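Secondary and tertiary structure notes
Listed below are the residues making up each chain.
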Amino acid sequence: MPSPQELQSQADEILWYHTIDLGQGVVTKGMGVQPTGSEILPDVAGRSVLDIGAWDGKFSFLAEKGGATSVTALDHYAWGVDIGARTVYWQECQANGTLPDHSRDVTDFWQPDLPGQRGFNFAKAALGSKVKAVVDDFAIMDLEPLGHFDVTLYLGVLYHMKEPVTCLERVRSVTNEVAVIETEALQICGLDDLSLLQFHVGDTLRTDYGNWYVPTLPALRDLCLAAGFSSVKTIHGPPPAPVVPPEGRRAQLGRTVGAIPPASPPIALQPYRAIVHAYV
């Protein structure tokens, strides 16, 4: 068995998205922007769990640690696409001012040996985990053989989907109790109650051509309800709205004197990561 120092050295040779505590002081150096705490999960003890878009498996392993009876980690894109070659292609698209052909992800850039699964496999072995790995595209695969799960994790996936309602319907179809949905989201200050989707074409969000729709929190709730969930609980909502200082409010009031309305303030857009629990 390798020493903690040797295990850390081996882990450091892998490009990680998730930061995972492998024990003995060994921690993977993830680059992800997702919230990382186990508090985003519901009670998984005694329940079956499906982790869609598992990548390095952080939340699969957290669910297993939390007492889940079984955990299935499903991924396709992150495990099989040659990210380096695809990045070069995207850079060419940026230089040419063209949009990429996303079908090349599963043709020209697909690697059957699944190099992107290396981190998952390493962490699974280090943790002595029994998490089951399934390689398939959840958006188009036959869901019948996959089965049904008490808890479904859909973390960091929704905004990558061209058809968000359809994908959430598929999430609902395999969920017995609750789905955890974490996504890039948008707060539009002053329009907090509106159900809106911001559409991205090109690389306008995090220079990633694979991002499409970013919802406000009301839109995220409505998407879940439209997909067939009965209720939605917000676990992580938008950040506090900017506070207008008292002198600013007095200045705004002063501009209304003489029936001259103040100029409309610019609309402030605040990106953040939203988390909801959608219940069956």
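Everything here concerns the structure above.
The structure presented is a predicted model; accordingly, all values stated were derived computationally and were not measured.

Cut-offs applied
- Residues numbered from 1 in each chain as written.
- Predicted model: local features only at pLDDT ≥ 70, side-chain atom pairs only at ≥ 80, totals over all residues.
- Heavy atoms only, no water.
- Pairing = 2+ DSSP bridges.
- Helix = DSSP H or I, 4+ residues; strand = E, 2+ residues; numbered from the N terminus.
- Axes fitted to C-alpha atoms, helices over the stretch in contact; angles between N-to-C directions.
- Contact = heavy atoms within 4.5 Å.
- Expected span 1.5 Å × (residues − 1).
- Buried < 20%, exposed > 50% of the residue type's maximum accessible area, 1.4 Å probe, protein only.
- Arc of directions from axis to C-beta.
- Polar contact = N/O pair within 3.5 Å; in protein donor to acceptor, adjacent residues only side chain to side chain.
- Salt bridge = Lys/Arg side-chain N within 4 Å of Asp/Glu carboxyl O.

Let us look at the sheet that holds strand S6 (residues 149–155). Across the sheet, which stays open at both edges, the seven strands sit in the order S5-S4-S3-S6-S7-S11-S10 with mixed pairing between neighbours. In the strand order of this sheet, the two ends are held by strand S5 (132–135) and strand S10 (231–236), each with one partner. Mean inter-strand twist for the sheet, computed between neighbouring axes without regard to direction, equals 25°. Each of strand S3 (48–52), S6 and strand S7 (175–188) is contacted by helix H6 (residues 164–173), which is oriented at about 150° to S7, the strand it contacts most.

What follows covers helix H4 (residues 83–96). If you check H4, its first and last C-alpha atoms are 20 Å apart, about what 14 residues at 1.5 Å a residue would give, namely 20 Å. For H4, the complete set of buried residues consists of Arg86, Tyr89, Trp90 and Cys93. Each buried residue of H4 sits inside an arc of 100° when the element is viewed along its axis, so together they form one side. Residues of H4 that are buried sit in contact with helix H3 (77–80). The residue sitting at the N-terminus of H4 and contributing the capping side-chain oxygen is Asp82; that oxygen lies 3.2 Å from the backbone nitrogen of Gly84. Of the residues flanking the end of H4, it is Gly97, one or two places downstream, whose phi is positive at about 70°.

Another aspect to go through is the environment of Leu191. Among the secondary structure elements, Leu191 is positioned in the loop between S7 and strand S8 (197–199). Exposure remark for Leu191: the relative accessible area of 31% places this residue in the partly exposed category. In the structure, Leu191 is positioned 77 residues away from Ala268 in sequence and 9.6 Å away in space, judged by C-alpha atoms.

As a rule of thumb, non-glycine residues mostly have phi less than zero, and peptide bonds are mostly trans rather than cis. Despite not being glycine, Gln24 shows a phi value in the positive range, around 60°. For Gln24, the position within the fold is in the loop between strand S1 (21–23) and strand S2 (26–27). Judged by its relative accessible area of 56%, Gln24 falls in the exposed class.

Moving on to the pattern of salt bridges. Counting across every chain of the model gives eight salt bridges. With a shortest N-O distance of 2.6 Å, Glu182 and Arg273 are connected by a salt bridge. Taken together, the residues span a long stretch of sequence, with Glu182 in strand S7 and Arg273 in strand S11 (residues 269–279) at a distance of 91 residues. According to the relative accessible area criterion, Glu182 is buried, its value standing at 1%.

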